[in-house]
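Observations on the model geometry
Here's the letter readout for the chains.
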Amino acid sequence: MFLMFVLWGVVFLGIFRRWRWVPILVLVNLAYTLFVLKYHMTDPIPLNF
């Protein structure tokens, strides 16, 4: 989870610095975020708000 936070911080910084490789990092980080959320959201009790 910490790695996900750090990578999104780099993406945020890269947007303002106009780094050219930021779109690739966004796609990789989005896939990693979805993987981490799917892996950790395995609770059988549904969360109904």
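First, a word on scope: everything that follows refers to the structure included in this document. Please read all numbers here as calculations on a predicted model, not as lab measurements. (Residues numbered from 1 in each chain as written. Predicted model: local features only at pLDDT ≥ 70, side-chain atom pairs only at ≥ 80, totals over all residues. Heavy atoms only, no water.)

Glancing now at the overall build of the protein. Secondary structure summary: the protein contains two helices and zero strands in total. Among the 49 residues that make up the protein, the fraction classed as buried is 16%. (Helix = DSSP H or I, 4+ residues; strand = E, 2+ residues; numbered from the N terminus. Buried < 20%, exposed > 50% of the residue type's maximum accessible area, 1.4 Å probe, protein only.)

A few words now on a nonpolar patch on the surface. A surface patch of nonpolar side chains, about 330 Å² in accessible area, is lined by M1, L37 and M41. Within the secondary structure, M1 sits in the segment before α1 (2-17). (Patch = residues over 30% accessible without salt bridge, like charges linked within 9 Å, V, L, I, M, F, W, Y side chains within 5 Å. Areas by Shrake-Rupley, 256 points an atom, 1.4 Å probe, with all protein chains shown as cover. Salt bridge = Lys/Arg side-chain N within 4 Å of Asp/Glu carboxyl O.)

To continue, consider unusual backbone geometry. One non-glycine residue, R18, lies in the positive phi region at around 60°. Among the secondary structure elements, R18 is positioned in the loop between α1 and α2 (22-40).

Here we take up α1. Compared with the 22 Å implied by 1.5 Å per residue over 16 residues, the 23 Å span of α1 between its first and last C-alpha is a close match. For α1, the set of buried residues is M4, V11 and G14. In a view along the axis of α1, the buried residues occupy a sector of 85°, so they form one face of it. Among the exposed residues of α1, those oriented more than 90 degrees off its buried face are F2, F5, F12, F16 and R17. Residues of α1 that are buried sit in contact with α2. Looking one or two residues beyond α1, the residue adopting positive phi is R18, at roughly 60°. (Expected span 1.5 Å × (residues − 1). Arc of directions from axis to C-beta. Contact = heavy atoms within 4.5 Å.)

A few words on α2. Given a rise of 1.5 Å per residue, 19 residues ought to cover 27 Å, and the 26 Å separating the end C-alpha atoms of α2 matches this to within 8%. Those residues of α2 not exposed but buried are V22, L25, N29, T33 and V36. For α2, the arc enclosing every buried residue in end-on projection is 70°, short of the 170-degree limit, so these residues lie on one face. For α2, the exposed residues set more than 90 degrees away from the buried face come down to P23, I24, L27, L34, F35, K38 and Y39. Of the surrounding secondary structure, the elements contacted by the buried residues of α2 are α1.

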